[in-house]
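Observations on the model geometry
Listed here are the chains, written in short residue letters.
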Amino acid sequence: MESQTEKTPVPAPRLLEQVRRVMRLHHYSLHTERAYVDWIRRYIRFHRMQRREDLSGGEAKIEAFLTDLAVNGRVAPATQNQAMNALVFLYKRVLQLPLDEPIAAVRADRKPNVPVVLSREEVARMLPLVEGVAHLVVKLLYGSGLRIMEALRLRVKDVDLGMKQITVRDGKGAKDRVTTFAESLKPLLENHLQKVKVLHEQDLAAGYGAVYLPYALERKYPNANRDWGWQWVFPARDLSTDPRTGVVRRHHVDPGVVNKAIKAAARRAGLTKAVSAHTFRHSFATHLLQRGTDIRTIQALLGHKDVATIMIYTHVLQQGGHGLPSPLDDLGV
């Protein structure tokens with residue numbers, strides 16, 4: 001008979017739940033968590049794994065999966081890299097199993113892509129057609145060279161209207177940077193923030209008003225999540241439940257709202273280019289180059305680690321293909 005002092009063994013967590021726990025321990029974003037879990041689920045299905053023991057021999061199995069993505073799935077290099085990162089995280093961080101053998105998967109073809117850039121006239125034609133809060137967001141994308149998530153994750157304290165600058169916190173590569181702020185946006189943003197503050201005060205009165213803070217900051221400053229300076233510049237219209245904690249609060253605007261508004265505006269403007277949120281960041285860099293701005297300055301404003309990344313915009317400036325006139329123009333007919 002089992003002794004009353006003996007404890008019932010705690011069952012091991014299911015693999016994907018364990019992945020989520022480890023990712024949250026290391027403060028990965030919810031977006032990255034969902035992407036990694038999805039790749040790990042696809043990896044398990046690809047090899048028809050039934051037990052944890054089936055995960056052994058990871059190098060060969062990862063190689064086969066990544067090769068299939070490149071050959072049969074024809075995925076982009078960035079997609080294959082994300083799958084690789086997810087599986088390395090699984091083995092090294094979650095299972096704590098080394099990957100000592102090389103993983104020589106067939107690599108996805110990397111095609112040279114020239115970014116889509118709008119002319120100044122096209123930007124001027126399109127901006128007035130962007131509706132709602134997306135109008136201000138898109139002006140920040142173009143006026144400050146922000147990525148869409150950098151704009152949507154802006155806190156009130158990170159916009160300095162007096163110094164005409166924006167501080168991007170924890171941007172790509174987990175780095176902070178400072179970028180320019182258009183003087184013409186000041187009255188528009190001040191009016192927007194007045195409305196946001198009223199909404200925040202209403203949330204506080206209703207017993208809400210706390211915004212998400214990274215774990216370390218929330219622990220260090222337990223009351224900061226209700227302070228005005230920490231609120232989102234672009235809060236969502238409705239309260240929502242945090243899927244990780246179950247806490248009800250107001251998140252920032254979903255990027256899908258902005259992307260839909262951009263697509264609709266591009267159609268109304270009659271543009272045939274494939275315009276996305278990132279197009280305005282590309283246009284910001286290209287138009288600064290056209291004005292003679294130093295390439296190192298543009299690198300700092302965009303937050304790129306390598307100046308070589310900026311060089312792609314010099315190709316955009318070479319109008320007519322490598323900057324050469326067509327021989328047809330020499331005929332005069």
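Residues numbered from 1 in each chain as written. Predicted model: local features only at pLDDT ≥ 70, side-chain atom pairs only at ≥ 80, totals over all residues. Heavy atoms only, no water.

The next subject is the sheet that holds strand E1 (residues 159-160). Strand order in the open sheet formed by three strands is E1-E2-E3, with antiparallel pairing between adjacent strands. Unpaired on one side and paired on the other, E1 and strand E3 (177-180) mark the two borders of the sheet. Relative to strand E2 (residues 165-168), E1 runs antiparallel, the two sharing two bridges. What sits directly across from aspartate 160, in E2, is glutamine 165. (Pairing = 2+ DSSP bridges. Helix = DSSP H or I, 4+ residues; strand = E, 2+ residues; numbered from the N terminus.)

For the structure on display, the rule yields seven aromatic pairs. Summarising the aromatic geometry, the rings of tyrosine 28 and tyrosine 36 are spaced 6.1 Å apart at their centres and angled 50° between planes, so their arrangement reads as tilted. For tyrosine 28, a relative accessible area of 23% translates into the label partly exposed. Ring plane angle 80° and centroid distance 6.4 Å describe the contact between tyrosine 43 and tyrosine 91, whose orientation is recorded as edge-to-face. Of this pair, tyrosine 43 sits in helix H2 (residues 30-46) while tyrosine 91 sits in helix H4 (residues 77-94), and the two are 48 residues apart along the sequence. (Phe/Tyr/Trp six-rings, centres within 6.5 Å; stacked < 30°, edge-to-face > 60°. Buried < 20%, exposed > 50% of the residue type's maximum accessible area, 1.4 Å probe, protein only.)

On to the nonpolar core. With 38 residues, the main nonpolar core has Met126, Val258 and Phe280 as its most contacted residues. A per-element tally of this core places helix H6 (residues 134-144) first, with six residues. When residues no more than four places from it in sequence are discounted, the contact partners of valine 258 are Ala134, Val137, Val138, Ile148, Leu152 and Val253. In this structure, Leu16, Tyr36, Phe65 and Val75 belong to the second largest nonpolar core, which totals 28 residues. (Core = buried A, V, L, I, M, F, W, Y, C linked by side-chain atoms within 4.5 Å. Contact = heavy atoms within 4.5 Å.)

Glancing now at the environment of glycine 229. By the element assignment, glycine 229 lies in the loop between helix H9 (215-220) and strand E4 (240-241). Spatially, the C-alpha atoms of glycine 229 and aspartate 158 are 8.1 Å apart, while their sequence positions differ by 71 residues.

A turn of α-helix holds 3.6 residues, and therefore any two residues three or four places apart point the same way. Over its 20 residues, helix H8 (residues 186-205) extends 29 Å from the first C-alpha to the last, a length consistent with the 28 Å expected when each residue adds 1.5 Å. Along H8, the residues that are buried comprise Leu189, His192, Leu193, Val196, His200 and Asp203. In an axial view of H8, the angular spread of the buried residues amounts to 100°, which keeps them on one side of the axis. Away from its buried face, by an angle of more than 90 degrees, H8 presents the exposed residues Pro187, Gln194, Lys195 and Ala205. Once H8 finishes, glycine 207 follows within two positions and takes phi at roughly 90°, a positive value. (Expected span 1.5 Å × (residues − 1). Arc of directions from axis to C-beta.)

With that settled, consider unusual backbone geometry. The phi dihedral of arginine 48 is positive, around 50°, even though this residue is not glycine. Taking relative accessible area as the criterion, arginine 48 reaches 68% and is therefore assigned exposed. If you check the backbone angles, lysine 164 has positive phi at about 55° while not being a glycine. Tracing the backbone shows lysine 164 in the loop between E1 and E2.

Looking at helix H1 (residues 15-25), one finds that the buried residues are Leu15, Leu16, Gln18, Val19, Val22 and Met23. Along H1, the residues classed as buried sweep out an arc of 155° about the axis, all on the same side. Away from the buried face of H1 by more than 90 degrees, exposed residues Arg21 and Leu25 are located. The secondary structure elements touched by the buried residues of H1 are H2 and H4. Looking one or two places after H1, you find histidine 27, whose phi comes out positive at around 65°.

Taken together, Tyr208, Leu239 and Val248 make up a surface patch of nonpolar side chains, about 210 Å² in accessible area. In this structure, tyrosine 208 sits in the loop between H8 and H9. According to the relative accessible area criterion, tyrosine 208 is partly exposed, its value standing at 33%. (Patch = residues over 30% accessible without salt bridge, like charges linked within 9 Å, V, L, I, M, F, W, Y side chains within 5 Å. Areas by Shrake-Rupley, 256 points an atom, 1.4 Å probe, with all protein chains shown as cover. Salt bridge = Lys/Arg side-chain N within 4 Å of Asp/Glu carboxyl O.)

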